[in-house]
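Coordinates in review
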Amino acid sequence: MFMKSWVVRYTGAIVVGLMYKIFYIIFSPLTINSTFFLLDPFFNVIMKGNSLVFDAVTFSFIPACTAASAYLLLTVLILLTKGIDYRKGLKMFIVGSAAILIMNIVRIITLILVRLNLGKNYFDSLHLVFWYGVSTLFVVFVWITLVKLYNVKGIPVVSDMKAIWKYFQ
């Protein structure tokens, strides 16, 4: 049974990796529209395609703004962890994705407010801090929280390798 589960999970991880653009298709509109609807009551903002326009400042949402790699990483971690059944994995994905989406929207709104109130230099600096540091740490935090919340005992890949080693001995 373990070998069948292992093959299905790892095949799923490969397929998800190859179809990573699905995360852009799903989460780009969610990210842009949510940001717009949260800012619209407080600012004169216009949504034009993948951009938000505030008077003279335009924020264009490129694919990286969606944080699709975070959703992909979360999915792959779930699939590559022994002991997570489909139901638990789906719950973990939904909760983890909601946390990533909320944090990403908070990040975007923070960056917009910094740009509008403090200028481009502060925006550029803070954007780099978010991009290279905070985003990665947040995904790690989400994963650790999900592992504790859903009582996951396995370690991605490592637990499978140990089980495979025992299986062939």
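A brief report on the enclosed structure follows. (Residues numbered from 1 in each chain as written. Predicted model: local features only at pLDDT ≥ 70, side-chain atom pairs only at ≥ 80, totals over all residues. Heavy atoms only, no water.)

1. Regarding the packing of aromatic side chains
Put simply, the test is: Note on aromatic contacts: the rings of Phe and Tyr and the six-membered ring of Trp form a pair at centre separations within 6.5 Å, being stacked when their planes are under 30 degrees apart, edge-to-face when over 60 apart, and tilted otherwise. For every residue, the accessible area obtained with a 1.4 Å probe (protein chains only) is divided by the maximum for its type, and the residue is called buried under 20%, exposed over 50%, and partly exposed between those limits.
A full pass over the atoms with the stated rule returns seven aromatic pairs. Taking 6.2 Å as the distance between ring centres and 75 degrees as the angle between the ring planes, the aromatic pair formed by Tyr-20 and Tyr-24 counts as edge-to-face. Summarising the aromatic geometry, the rings of Phe-54 and Phe-59 are spaced 5.6 Å apart at their centres and angled 85 degrees between planes, so their arrangement reads as edge-to-face. Of the two residues, Phe-54 and Phe-59, neither departs from the other in class, the shared state being buried. An aromatic cluster is defined as three or more aromatic residues linked by ring pairs; in this entry it consists of Phe-43, Phe-54, Phe-59 and Phe-123.

2. Quick look at the side chain of Thr-81
Formally: Secondary structure is summarised from DSSP: a helix means a run of H or I of at least four residues, a strand means a run of E of at least two, and numbering begins at the N terminus for each. Polar contacts, as counted here, are pairs of nitrogen or oxygen atoms within 3.5 Å of one another; within protein the pair requires one atom able to donate a hydrogen and one able to accept it, and residues that are adjacent in sequence qualify only if both atoms are side-chain atoms. Contacts between residues were defined by any pair of non-hydrogen atoms, one from each residue, lying within 4.5 Å.
With respect to the helices and strands, Thr-81 occurs in the loop between helix H3 (68-79) and helix H4 (86-118). Among the polar contacts made by the side chain of Thr-81, one reaches the main-chain carbonyl oxygen of Leu-77 at a distance of 2.5 Å. The contact partners of Thr-81, leaving out residues within four places of it in the chain, are Arg-9, Trp-143, Val-152, Gly-154, Ile-155 and Pro-156.

3. Overview of a nonpolar patch on the surface
For clarity, the cut-off: Patches here: salt-bridge-free residues with over 30% relative accessible area, like charges joined within 9 Å, nonpolar side chains (Val, Leu, Ile, Met, Phe, Trp, Tyr) joined within 5 Å. Reported accessibility uses the Shrake-Rupley method at a 1.4 Å probe radius. Residues are deemed covered only where the shown protein chains occlude them. Every case where a carboxyl oxygen of Asp or Glu lies within 4 Å of a side-chain nitrogen of Lys or Arg is listed as a salt bridge.
Together, Ile-14, Val-15, Leu-18, Met-19, Ile-22, Ile-25, Ile-26 and Leu-30 make up an exposed nonpolar region whose accessible area comes to about 770 Å². Looking at which element gives the most residues to the nonpolar patch, the answer is helix H2 (residues 21-39), with four residues. In this structure, Met-19 sits in the loop between helix H1 (2-18) and H2.

4. Observations concerning the packing of H2 against H3
Rule in force here: Whenever a helix is involved, its axis is fitted only over the stretch in contact; in every case the axis is a line through C-alpha atoms, and angles between N-to-C directions fall within 0 to 180 degrees. These descriptions rest on fixed angle ranges, namely under 35 degrees for roughly parallel, over 145 for roughly antiparallel, 65 to 115 for roughly perpendicular, and the rest for oblique. Crossings are assigned a handedness: left-handed for a near helix turned anticlockwise from the far helix by less than a right angle, right-handed for a clockwise turn. All residues other than Ala, Val, Leu, Ile, Met, Phe, Trp, Tyr, Cys, Pro, Asp, Glu, Lys and Arg, Gly among them, are scored as polar; the first ten of these are nonpolar and the last four charged.
Where H2 contacts H3, the axes come no closer than 9 Å and their chain directions differ by 125 degrees. Of the possible angle classes, the one that applies to H2 and H3 is oblique. Remark: the crossing between H2 and H3 carries right-handed chirality. Along its contact with H2, which presents Phe-23, Tyr-24 and Phe-27, the element H3 presents Ala-68, Tyr-71, Leu-72 and Thr-75. Looking at the contact of H2 with H3 residue by residue, the classes come out as six nonpolar, one polar and no charged.

5. Re the pairing of strand E1 (residues 45-48)
Along any regular strand, the residues point their side chains to alternate faces of the sheet. What counts is decided by this rule: One requirement defines pairing of two strands: DSSP has to find at least two bridges between them.
For E1 and strand E2 (residues 51-54), the ladder comprises four bridges, and the chain directions are antiparallel. Paired with Ile-46 across the two strands is Val-53, which belongs to E2. In textbook terms, the turn of a hairpin is the stretch between consecutive antiparallel strands, and for E1 and E2 this stretch comprises two residues, one of which, Gly-49, has a positive phi near 60 degrees.

6. Comments concerning the sheet that holds E1
The three strands lie next to each other as E1-E2-E3, forming an open sheet whose pairing is antiparallel. The sheet terminates laterally at E1 and strand E3 (57-60), the two strands that pair on one side only. When the angles between neighbouring strand axes are averaged without regard to direction, this sheet yields 20 degrees. Helix-sheet contacts for H2 involve E1 and E2, and the interaxial angle to E1 is about 160 degrees. Docked against the sheet, H4 engages E2 and E3, running at close to 160 degrees with respect to E3.

7. Description of helix H6 (residues 158-167)
Residues that lie three or four places apart on an α-helix share one face, since the helix turns once every 3.6 residues. Counted only if it meets this: Arc, as used here, means the arc of the directions from the helix axis to the C-beta atoms.
Considered for burial, the residues of H6 that qualify are Ser-159, Asp-160, Ala-163 and Ile-164. The buried residues of H6 occupy an angular sector of 135 degrees when projected down its axis, which confines them to one face. The outward face of H6, more than 90 degrees from its buried face, is lined by the exposed residues Lys-162, Trp-165 and Lys-166.

Remember that the coordinates give geometry; whether it matters functionally is a separate question.
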